[in-house]
Amino acid sequence: MPTVLIVDDHQVVRRVVRHALQPLALDVIEAEDGSAALALAASYSVDLVLVDTNLPDQDGFSLLQRLKALPHLAAVPMIILSSSGGNDEEIRAWEAGAAGFLSKPFHTQALREVVLHALGTG
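No experiment lies behind these values; they were computed from the predicted model shown. (Residues numbered from 1 in each chain as written. Predicted model: local features only at pLDDT ≥ 70, side-chain atom pairs only at ≥ 80, totals over all residues. Heavy atoms only, no water.)

A. Up close: the pattern of salt bridges. Scanning the entire structure with this criterion turns up five salt bridges. Of the charged contacts, one joins Arg18 and Glu30 as a salt bridge, the two residues approaching to 2.7 Å between their closest N and O atoms. Note that Arg18 is positioned in helix H1 (residues 11-21) and Glu30 in strand E2 (residues 27-31), a separation of twelve residues in sequence. Residue classification places Arg18 among the partly exposed residues on the basis of a relative accessible area of 36%. Of the charged contacts in the structure, one is a salt bridge between Arg92 and Asp59, with a shortest N-O distance of 3.8 Å. (Salt bridge = Lys/Arg side-chain N within 4 Å of Asp/Glu carboxyl O. Helix = DSSP H or I, 4+ residues; strand = E, 2+ residues; numbered from the N terminus. Buried < 20%, exposed > 50% of the residue type's maximum accessible area, 1.4 Å probe, protein only.)

Here it is as structure tokens:
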């Protein structure tokens, strides 16, 4: 079963994402900030990471690059979640090496499609 790491400082967003991904039979783990995400990434075999752009301890783009710098995560797809959703953020996500970009609020089906595509199953 693939493991997805959700990194978002809002518990409600993490809960919504977890609920949306439930039918996909994924193991979901959660982090509320970049430090917790790095710790979880060191302890778990992660197949996909969903990263919010605005975290309390660092921005999501920096976290994405720090995660990608870890040898065991270099090839792991990562998707940026943004509440501002501007074109600049989307371009920045692609430049940082993101495998996908979603603006919040997002539709459940759009999230599932991006996740399945990133995992290579959709």
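Still more ground to cover, so stick around.
B. Representation of the side chain of Thr3. Note on placement: Thr3 falls in strand E1 (residues 3-7). Given the relative accessible area of 7%, Thr3 is considered buried.

C. Representation of helix H2 (residues 34-43) within the structure. Along H2, the residues that are buried comprise Gly34, Ala37, Leu38 and Ala41. One side of H2 holds all its buried residues, which, seen down the axis, span an arc of 100°. Of the surrounding elements, those touching the buried residues of H2 are E1, E2 and helix H3 (60-68). Where H2 begins, the capping side chain belongs to Asp33, and its oxygen is found 3.3 Å from the backbone nitrogen of Ser35. (Arc of directions from axis to C-beta. Contact = heavy atoms within 4.5 Å. Polar contact = N/O pair within 3.5 Å; in protein donor to acceptor, adjacent residues only side chain to side chain.)

By themselves, these are just geometric observations and shouldn't be taken as functional.
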